[in-house]
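What follows is the residue order along each chain.
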Amino acid sequence: SQWIYVNGQFVNKNEAVISVYDHGFLYGDGVFEGIRVYSGNVFQLKEHLDRLYASAHSIRLTIPYSKEELTQIIVNTVRKNELSSAYIRVVISRGEGDLGLDPRNCSNPSVIVIAEALSIYSQDLYENGLKLVSVATRRNRPDVLSPQIKSLNYLNNILVKLESTQSGADEALMLNDQGYVTEGSADNIFIVKNGVIITPPVYLGALEGITRNVIIDVARNLNYQIEERPFTTHDVYIADEVFLTGTAAEVIPVIEVDGRPIQNGKPGEITKHLLHTFRDLVTTAGIQCYP
Ligand SMILES: Cc1ncc(COP(=O)(O)O)c(CNc2cccc(C(=O)O)c2)c1O
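- Labelled according to an unreviewed UniProt entry, the chain appears under the name Branched-chain-amino-acid aminotransferase, originating from Virgibacillus alimentarius.
- Here the chain is described in UniProt, under the heading Function (unreviewed entry), as follows: "Acts on leucine, isoleucine and valine."
- According to the UniProt record, the Sequence similarities (unreviewed entry) comment for the chain is "Belongs to the class-IV pyridoxal-phosphate-dependent aminotransferase family."

Okay, here's the thing in structure tokens:
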């Protein structure tokens, strides 16, 4: 059976419930993380928790545990479910309140940790690559709701996802209000041009992805030239390679955007090199659940 951590208790999956007055449910008032476990190693756990606490701080939500305590809860949840390769979802909401918006009426944040056996993306996605479509719905502006806050407000991402599935594409490309490329609906984007790897600066309107930052380090260690600078869909169309990064996605090649094949319409060589290097390090750089 699957055990879920809910507000201090491990409960069975079908008993894992929260109040309908929880403001995470009523208003999306909360933050979350998606984390992967590779062979018992919680990959980049510190970095994920740093982002979780930063997002919480940014919305004036105090997580009622230290990072060390939450680390232990996460490890215990993985161990209790006897998982070795897993996907973890950590959710911190403002908690139960009344029907009004005011967070001051929510006295106890909800803390939930879900750990599930991983459902791997089909191998052919990595071999054949994804088809993307740029969509009309823009990324929420940093002065409206910062995309750097990994909040429970994923309606912008969901509306974008609805547009991409409507178009029959595998993933959506979000632009900001100036038309610059920001990221996918739940992943970051990189292009390669003349051997240089380029990714948008997060201030344009993207989540600072953990995988994005790992790939930047991996690329630098492999002596690739890598830059953070704005680009448009035109730059994407004429790129030598395009790929996406994300916790579940890892590194996924993109072979077509808005009907334009990327070069020969096959995954790029640098993309494949980065993926293979990434795959080699995911069992290091983290916290061992079964030391
Ligand atoms: C908007 C957005 N941008 C980029 C990423 C990639 O960030 P990480 O490299 O830290 O995962 C995300 C990731 N956020 C996210 C949310 C839900 C599921 C999944 C998944 O990859 O299954 C990812 C995201 O939600």
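**Notes on the sheet that holds strand β6 (residues 110-117)**
By way of backbone hydrogen bonds, the strands of a sheet pair with one another, either parallel or antiparallel.
Turning to step 1, where the next piece is worked out: In space, the 7 strands of this open sheet follow the order β2-β1-β6-β5-β3-β4-β16, with antiparallel pairing throughout. Looking at which strands have only one partner, the edges of the open sheet turn out to be β2 (9-12) and β16 (286-288). Neighbour-to-neighbour, the strand axes of the sheet open up by a mean angle of 25°, direction not taken into account.
Turning to step 2, where the next piece is worked out: Strand direction decides the pairing type here: strand β5 (residues 86-93) and β6, joined by 8 bridges, are antiparallel.

**A short note on the packing of helix α6 (residues 210-221) against helix α8 (residues 269-281)**
Turning to step 1, where the next piece is worked out: Between α6 and α8, the least distance of the axes is 10 Å, while the angle of their chain directions is 105°. Classified by the interaxial angle, the pair formed by α6 and α8 is roughly perpendicular. Residue-level contacts link Thr211, Val214, Ile215, Val218 and Ala219 of α6 to Leu274, Thr277, Phe278 and Leu281 of α8.
Turning to step 2, where the next piece is worked out: Of the residues contributing to the contact of α6 with α8, the split by class is 7 nonpolar, 2 polar and no charged.

**Structural notes on empty space enclosed by the protein**
Turning to step 1, where the next piece is worked out: Enumeration over the complete set of coordinates arrives at 3 cavities of 30 Å³ or more.
Turning to step 2, where the next piece is worked out: Taken as a whole, the largest cavity holds about 70 Å³ of empty space.
Turning to step 3, where the next piece is worked out: In this structure, the largest cavity is lined by Arg139, Asn140, Leu145, Ser146, Pro147, Ile149, Lys150, Ser151, Asn153, Tyr154, Asn157 and Leu207.
Turning to step 4, where the next piece is worked out: Counted by class, the lining of the largest cavity contains 5 nonpolar, 5 polar and 2 charged residues.

Conventions and cut-offs
Here the residue numbering is sequential within each chain, running from 1 through the sequence in written order. It should be noted that, the model being predicted, local features are given only for residues of pLDDT at least 70 and side-chain atom pairs only at 80 or more, the latter also being counted only at that level, while totals for whole chains, interfaces and linings use all residues. Values shown for side chains rest on all heavy atoms present in the structure; no hydrogens or waters enter the calculation. UniProt positions are given in the numbering used here, feature names are shortened, and annotations may be inferred rather than shown by experiment. Whether two strands pair comes down to DSSP finding at least two bridges between them. Numbering goes from the N terminus for both helices and strands, where a helix is a DSSP run of H or I of at least four residues and a strand is a run of E of at least two. As a rule, the C-alpha atoms of each element are fitted with a line to give its axis, helices using only the stretch in contact, and angles between N-to-C directions run from 0 to 180 degrees. Convention used here: angles under 35 degrees read as roughly parallel, angles over 145 as roughly antiparallel, angles from 65 to 115 as roughly perpendicular, and any remaining angle as oblique. The contact definition used throughout considers only heavy atoms, calling two residues in contact when any of these lie within 4.5 Å. When residue character is reported, Ala, Val, Leu, Ile, Met, Phe, Trp, Tyr, Cys and Pro are called nonpolar, Asp, Glu, Lys and Arg charged, and the others, Gly included, polar. A pocket, in this scheme, is an open set of points on a 1 Å grid over the protein atoms alone with protein on both sides within 12 Å along at least 5 of 7 lines, while a cavity is a set where a 1.4 Å probe fits but cannot get out; residues line either one if an atom lies within 4 Å of a point. Grid points are joined across faces, edges and corners, and a volume is the space filled by probe spheres set on the points.

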